[in-house]
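# Remarks on the overall topology
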Amino acid sequence: MSDALTVGAGSVVVDPDALDAAAGVLAQAAADVAACGAGAAAVALDPALLLSVPLAPATGVPAERALGELLLGPAAATPLAARVLLLAGLLRTASLRYRVGEDAAAAAVQVARRAAAEAVVQAAPALAAGAAGLLAADVALRTAQAGDLVLLRAVEQVVATGELDLQELGAVAAQEYGAVDDRVLGDARRAGLLIARHPWLVQEAVATTPAVVRAAAGRSPVAAAGITVLAPQLLRPDAGAAQVAGALTAVGALSPLFRETSVRVSPAARRAVPTRPPRGVAEVLDGVAHQSTGFAPDGPAGSVGDRMPVAGRPEPGVVRLERVTQAGGSVAWIVQVPGTQDWTPLPSPGATPMDLTTNLRVVAGEPTATTAAVAEAMRRAGVGAGEPVMLAGHSQGGLTVTALAADAGFRERYRVTHVVTAGSPVDGFAVPGHVRVLSLEHTGDLVPALDGTAARPSASRTVVRRDVGDDPDFAAAVAGDPLTAHGWRSYLDTAALVDASTDEALVGYRDSAAAFFDAPGARVEVFDYRAERA
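Below is a short write-up of the structure. Just so it is clear, the model here is predicted, and its values are computed rather than measured.

### Observations concerning the overall build of the chain
Scanning the chain from terminus to terminus reveals 19 helices and nine strands. For the chain, the proportion of contacts with a sequence separation of at least 24, taken over those separated by at least 6, is 72%. Within the structure as shown, the chain displays about 24,400 Å² of accessible surface, and the carbon and sulfur contribution to it stands at 63%.

Put into structure tokens, the structure is as follows:
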């Protein structure tokens, strides 16, 4: 196994007592950190300290600035305590699963989520007011800090020259007060980075949403009646991400939002044709990337392994099929599906079906224009019923191909043997055990958490996690832009690590997929099709 990857396959043996002990240590640490934060807040808001700042700005201003960083900075005590406490909770949940089994543990987790949902509904007004108050307090604090900095500069002028330079002071004031909004946005961005570093927060929020809806229905007859009519699936005790997505797509029956359409499929202009079959997972996903409208033709290289030449950006909605013929004449197919290309909730004629509507409908377990387009492209390309097929996709593309692999009717028509997904929330799909699935996920990527379920490896599914923090360059890029963790270029790097890994599960996956990879005498043909909404 590569040091940069965590590979999950099959089962593992864990000591629940060790998990409980670690959770206890973390919970106590969280309490200690929270107490430190509360103490710092009390000091920062002490009237005596606040009143002393104008009287002794040379010492008071730095003190308030240090306390402000402690309360709102990157290492603020309160969010740190929350992160540690969340980790403790995750360890206790894991221990429970090992002690009593998956079904009983899931039931206990549901009880906890119902209690949390009741608390959220009851405290909703206070939570909303608290969020607004926190923002207002942050603005006030940053404004006060700007004033303190101007005052401190004035004191420095008087100490140095015996007089005030009002022109310089005005420039300092304009600079400091002008930077208030940037500092407030920076505080909000740190909160966003917290979520990016801990995507299970999103996972738990998605998983708890149906319980919140049921709690709201229990408290309001009007809400109950509306939910019963518009989204009855959310009232089911086992409701999850699929039911949440289904409730949103139901809007399509009453409005143009998320309304599904038929799809047209036609040959696409051929571009960036590979010179040989792929040699590993990275080159398969590189084929996916080259169909993405986010593909950068001016990148450092035309493709992974120089398999394809540099090419311009593709037109939207393109699905690529590669027919790999080995020296002995055996044929295998690789189907490459890119991710979301349009975020509009209003599907329109001529637009790509790789949009927000498809995202919601595929999670809801409903047929989509994109799954129909992939099936039609395979029919047009002439994929034979007995020829092995590898389905590969990034983000929504991974959702689409996994939904197809889980579709019994599709499998009756085509022999799906392998699936590769990158950054896709596919844990809700029941893919049969004879299909080998490889799922790549990054710890800082929120998208795989959107199904509300933790990824679970099995004998037929290998889950590869790459921790953003293990690579300083990767971590720095994600810190600058959290979306980097979901970008296809980052997943190509991870796929290269997969290809180089000696982990038994990854070696087994690569060996089982030999029919799709390059070998002496092998050749490749390409079939590109463009899908658009009718």
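### Remarks on the pattern of salt bridges
Within the structure shown, the criterion is met by 15 salt bridges. The closest approach of N and O atoms between glutamate 315 and arginine 530, which form a salt bridge, is 3.4 Å. Highlighted residues: glutamate 315 in the loop between helix 12 (281-289) and strand 3 (318-325) and arginine 530 in strand 9 (residues 523-533), separated in sequence by 215 residues. Counted as one network, the salt bridges with shared partners bring together Arg264, Glu315, Arg530 and Glu532.

### Here we look at the packing of helix 12 against helix 18 (residues 488-500)
Any two packed helices are characterised by the angle at which their axes cross and by the distance between the axes. Packing of helix 12 against helix 18 brings their axes to within 7 Å, and their N-to-C directions diverge by 160°. Relative to helix 18, the element helix 12 lies roughly antiparallel. Two packed elements cross with a definite hand, and for helix 12 against helix 18 that hand is right-handed. Across the interface between the two elements, Val281, Ala282, Leu285, Asp286 and Ala289 of helix 12 pack against Trp488, Tyr491, Leu492, Ala495, Ala496, Val498 and Asp499 of helix 18. Its residues assigned to classes, the contact of helix 12 with helix 18 comprises 10 nonpolar, no polar and two charged.

### Some points on the environment of proline 309
Of note, proline 309 is situated in the loop between helix 12 and strand 3. Note: C-alpha distance between proline 309 and alanine 272 (37 residues apart in sequence) is 5.4 Å.

### Some words on the environment of alanine 477
Here alanine 477 lies in helix 17 (residues 472-480). A relative accessible area of 32% places alanine 477 in the partly exposed class. With 13 residues separating them along the chain, alanine 477 and serine 490 place their C-alpha atoms 9.9 Å apart.

### Regarding empty space enclosed by the protein
Applying the stated criterion to the full structure yields one cavity of 30 Å³ or more. Here the largest cavity is characterised by a volume of approximately 40 Å³. Along the walls of the largest cavity sit Leu285, Val288, Ala289, His394, Ala422, Trp488, Tyr491 and Leu492, which together make up its complete lining. Those elements giving two or more residues to the lining of the largest cavity turn out to be helix 12 and helix 18.

### Digging into unusual backbone geometry
The backbone of aspartate 306 shows a phi angle near 55°, a positive value even though the residue is not glycine. Assignment of secondary structure puts aspartate 306 in the loop between helix 12 and strand 3. Even without a glycine there, the phi angle at serine 395 is positive, about 60°. Its location among the elements puts serine 395 in the loop between strand 5 (388-394) and helix 15 (396-406). Assessed through its relative accessible area of 11%, serine 395 is described here as buried.

### A look at the nonpolar core
Core analysis: the biggest nonpolar cluster contains 30 residues, and Leu285, Met390, Leu438, Leu440, Val464 and Val498 have the highest contact counts within it. Only strand 1 (5-8), helix 12, strand 4 (331-337), strand 5, strand 6 (415-422), strand 7 (436-442), helix 18 and helix 19 (504-512) provide two or more residues apiece to this core. Among the elements that line this core, the one with the most residues is helix 12, at six residues. Ignoring anything within four residues of it in the chain, the contact list for methionine 390 reads Val284, Trp333, Ile334, Val335, His418, Val420, Tyr509, Ala513, Phe516 and Phe517. With 28 residues, the next largest nonpolar core counts Val337, Ala375, Ala381 and Val419 among its residues.

### Quick look at the packing of helix 13 (residues 356-363) against helix 15
Packing of helix 13 against helix 15 brings their axes to within 10 Å, and their N-to-C directions diverge by 40°. If you check the angle between helix 13 and helix 15, you find them oblique. Taken as a pair, helix 13 and helix 15 cross one another with a handedness that is left-handed. Contact residues: Thr358, Asn359, Val362 and Val363 in helix 13; Gln396, Leu399, Thr400 and Ala403 in helix 15. Residues of the contact of helix 13 with helix 15, tallied by class, amount to four nonpolar, four polar and no charged.

Each value, and the rule that gives it
Residues numbered from 1 in each chain as written. Predicted model: local features only at pLDDT ≥ 70, side-chain atom pairs only at ≥ 80, totals over all residues. Heavy atoms only, no water. Helix = DSSP H or I, 4+ residues; strand = E, 2+ residues; numbered from the N terminus. Contact = heavy atoms within 4.5 Å. Areas by Shrake-Rupley, 256 points an atom, 1.4 Å probe, with all protein chains shown as cover. Salt bridge = Lys/Arg side-chain N within 4 Å of Asp/Glu carboxyl O. Axes fitted to C-alpha atoms, helices over the stretch in contact; angles between N-to-C directions. Parallel < 35°, antiparallel > 145°, perpendicular 65-115°, else oblique. Left-handed = near helix turned anticlockwise from the far one by under 90°. Nonpolar A, V, L, I, M, F, W, Y, C, P; charged D, E, K, R; others polar. Buried < 20%, exposed > 50% of the residue type's maximum accessible area, 1.4 Å probe, protein only. 1 Å grid on protein atoms, 1.4 Å probe; cavity = no way out; pocket = protein on both sides within 12 Å on 5 of 7 lines; lining within 4 Å. Points joined across faces, edges and corners; volume = space filled by probe spheres on them. Core = buried A, V, L, I, M, F, W, Y, C linked by side-chain atoms within 4.5 Å.

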